[in-house]
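Chain by chain, the residues run as shown.
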Amino acid sequence: MPRKSTARLFRGTPRNLSYLARCLRAGEIVGVPTETVYGLAADALNPAACQKIFVAKGRPTTDPLIVHISTLAELDRIAIPNAAALRLAKKFWPGPLTLILPKNPAVPAIVSAGLPSVAVRIPAHPLFRRLIRLSGCPLAAPSANPFGYISPTTAEHVRASLGSKISSILDGGPAYIGLESTILDLRNPARPRLLRPGAISREALAAALGRPVAWRRPKATKSNQAQIAPGLLTRHYSPRTTLLLHSRLTPSLLAQSGPDEAFLFIAKPSGRMAKNIFWLDARGNLRGAARRLFAQLRALDTAGYRRLHAEYATGEGPAEAINDRLRRAAAV
Ligand code: TXA
Ligand code: MG
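What counts, and at which threshold
- Residues numbered from 1 in each chain as written.
- Chains lettered and ligands numbered in written order.
- Predicted model: local features only at pLDDT ≥ 70, side-chain atom pairs only at ≥ 80, totals over all residues.
- Heavy atoms only, no water.
- Pairing = 2+ DSSP bridges.
- Helix = DSSP H or I, 4+ residues; strand = E, 2+ residues; numbered from the N terminus.
- Axes fitted to C-alpha atoms, helices over the stretch in contact; angles between N-to-C directions.
- Contact = heavy atoms within 4.5 Å.
- Expected span 1.5 Å × (residues − 1).
- Buried < 20%, exposed > 50% of the residue type's maximum accessible area, 1.4 Å probe, protein only.
- Arc of directions from axis to C-beta.

Trainee: Would you take a moment to explain the sheet that holds strand S14 (residues 277-281) for this structure?
Mentor: Two modes of strand pairing occur in sheets, parallel and antiparallel, and in both the strands are linked by backbone hydrogen bonds. In spatial order, the strands read S12-S15-S13-S14; together these four strands make up an open sheet with parallel pairing. Every interior strand has two partners, whereas the edge strands, strand S12 (242-246) and S14, have only one. For this sheet, the mean angle separating the axes of adjacent strands, direction not counted, is 25°. Inspection of the sheet shows S12 paired to strand S15 (residues 307-311) by five bridges, in the parallel sense. By the bridge assignment for S15, Leu245 is matched with Ala310. Packing against the sheet, helix H10 (residues 286-301) makes contact with strand S13 (261-267), S14 and S15, and its axis sits at approximately 140° to S14. Packed onto the sheet, helix H11 (residues 318-330) meets S12, S13 and S15 and runs at close to 140° relative to S12.

Here's what the structure looks like:
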């Protein structure tokens, strides 16, 4: 049943952290900061607690969760790692990389949506890692947004959209990466597959593995269709306002449009400024742009514009992840 009260924000004091760890051990769900986006966490080994995540988010149970651990020693409790996974874990953890591996039978079916595989990562955010250690359990956590909406990058975002459904949010400041983790399918280490681009680029993974990493871009599917392959829903991270994408936001496009349309550039454009012109990073730094993308989309979505126009990022590394989120946000 939805709660009437609004979720409370907790700063990361030792006392607050041990209170929230007790909540998690008792089977409650808690909003948590990570370096990528905020998550909604529960004891991954407690199916009833994980069920609450799906209810709060309105997420179908066909969409599996990521399990977060705080040290590499815990990996065996969750998954059956291979040599390639251990190599990547040593290089990129703690950090924004999620590995899909064969599941340890101890992980309940609700976490993996009944699949024989499981998603796992060690997050880099120090407060979240401390909370995992204090709670003594691996924490399952999807992004803390209502299913299908833009992922939250601040505690306030979580409160704004899930505040009536949860009691507690640990405030760890704005997420410094701003996009969800890179997801790599390593069930078969001979054929690593990228399922979701993120801050750790496909090139960096390929270099560490010594072999190419394939990325099958999600095909257009209807928004509410059951997922054939989890993690590959096209429409995701979506604002409610119509979003149109352009390879370049040109002066003629701007000239043709009205004040009820907003324009989101990657870098600050030169020339005349108007109230409906926005950018992600003044100098076009792609890490900065990634960090601000979701917050900017949220702000524009509630500003009352009739339509939003955004331009694609160009280049390697973060551009792939930024463009993936833009495409998903614009998919209909
Ligand atoms: O950065 C992140 O990854 C954030 C923070 C909180 O860690 N979490 C996150 O979780 O983005 P979520 O649930 O919003 O996205 C996880 C994706 C889902 O699309 C899910 O389908 C996919 O991971 N996934 C989980 N387990 C899987 C599995 N066994 N096989 C394939 N995909 C899986
Ligand atoms: Mg999500």
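Back to the write-up after that little detour.
Trainee: Looking at this model, I keep getting lost on helix H1 (residues 14-25). Mind explaining?
Mentor: Each turn of an α-helix holds 3.6 residues, which means side chains three or four residues apart point in the same direction. For H1, which comprises 12 residues, the first-to-last C-alpha distance of 16 Å matches the rise-based estimate of 16 Å (1.5 Å per residue) to within 8%. All of the buried residues in H1 are Asn16, Leu17, Leu20, Ala21, Cys23 and Leu24. Each buried residue of H1 sits inside an arc of 155° when the element is viewed along its axis, so together they form one side. Turned more than 90 degrees away from the buried face of H1, the exposed residues are Pro14 and Arg15.

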